[in-house]
Amino acid sequence: TGEAFFDVTPDNNQLFMVRTGDLDVKVYGTKFNIKSYPEENIIQTTLIEGSLTVQPVKGEGKNDPLLVKPNETVMYYKTSSSMVGQKKNEFAGPDDASNLQELKPGELQVISQVNTLPITSWKDDRWVFIGESLQELAVKLERRYNVRISFQDEGLKNYRFTGTLKEETFEQVLKILQISAPILYSIQDDNVTFKVNKAAQTDYDKKISNPD
């Protein structure tokens, strides 16, 4: 439960397996990242190097283990969900990353040639994110800094960010976001609220729509 990065040394006498409750990942000597949060519909497995298989323990694909290649991400859905075009920015891969189709519960979908850096950098000093919406980024900030984030203005969730953070405190991250986009924030204990900076929003939207 949660997210982990594994670096497993091959062992001919013993099989290493990760079980999420919905998915079995059998490892044959490899580096990979797996994300499985109970509040999220997706279980995501990304192979960096080596070899592994992924097999649902229930649903449509439970009898069909899938061999995963390096720089591939496997998406597993706990319930039916349409993912057309939603993950291209996260994976920053080829055009086929925007062709994800609706999946039935237990089905697997493979995304090839993904940029693994933003997927695995959460564990490193340099945290990289590419094309992350503020809504997606807020979830990661909550987990990284143990806070709760809410939005007073829903439109802010669609702003996207690309960048690298290195050992910044949470308040430093908030100040960076405020400089980068028309965002105001308030903090009470561990609760943070984002709202629109209306004075800066018009100029910001003009620059985004007309970058030249």
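Check the entry above for the structure.
Now for a quick tour of the structure. (Residues numbered from 1 in each chain as written. Predicted model: local features only at pLDDT ≥ 70, side-chain atom pairs only at ≥ 80, totals over all residues. Heavy atoms only, no water.)

Further remarks concern the layout of surface pockets. By volume, the second largest pocket amounts to about 260 Å³. Forming the boundary of the second largest pocket are twelve residues, of which Glu-3, Tyr-37, Trp-122, Lys-140 and Arg-143 lie nearest the centre. Breaking the lining of the second largest pocket down by element, the ones donating at least two residues are helix H2 (117-120) and helix H3 (134-145). (1 Å grid on protein atoms, 1.4 Å probe; cavity = no way out; pocket = protein on both sides within 12 Å on 5 of 7 lines; lining within 4 Å. Points joined across faces, edges and corners; volume = space filled by probe spheres on them. Helix = DSSP H or I, 4+ residues; strand = E, 2+ residues; numbered from the N terminus.)

Under the defined criterion, the tally for this structure stands at five aromatic pairs. Each ring, one from Phe-6 and one from Phe-32, has its centre 5.0 Å from the other, and the planes form 15 degrees; the classification is stacked. Of this pair, Phe-6 sits in strand E1 (residues 2-8) while Phe-32 sits in strand E3 (residues 23-36); the two residues are 26 residues apart in sequence, bridging distant segments of the chain. For Phe-6, a relative accessible area of 22% puts it in the partly exposed group. You can call Phe-32 buried: its relative accessible area is 0%. Taking 5.2 Å as the distance between ring centres and 40 degrees as the angle between the ring planes, the aromatic pair formed by Tyr-145 and Phe-170 counts as tilted. Separated by 25 residues along the polypeptide, Tyr-145 in helix H3 and Phe-170 in helix H4 (residues 170-180) bring together distant segments of the chain. A connected cluster of aromatic rings, assembled from ring pairs, spans Phe-6, Phe-16 and Phe-32. The lysine or arginine in question, Lys-123, covers the ring of Phe-5, its NZ or CZ lying 4.3 Å from the ring centre. (Phe/Tyr/Trp six-rings, centres within 6.5 Å; stacked < 30°, edge-to-face > 60°. Buried < 20%, exposed > 50% of the residue type's maximum accessible area, 1.4 Å probe, protein only. Lys NZ or Arg CZ within 6 Å of the ring centre and 35° of its normal.)

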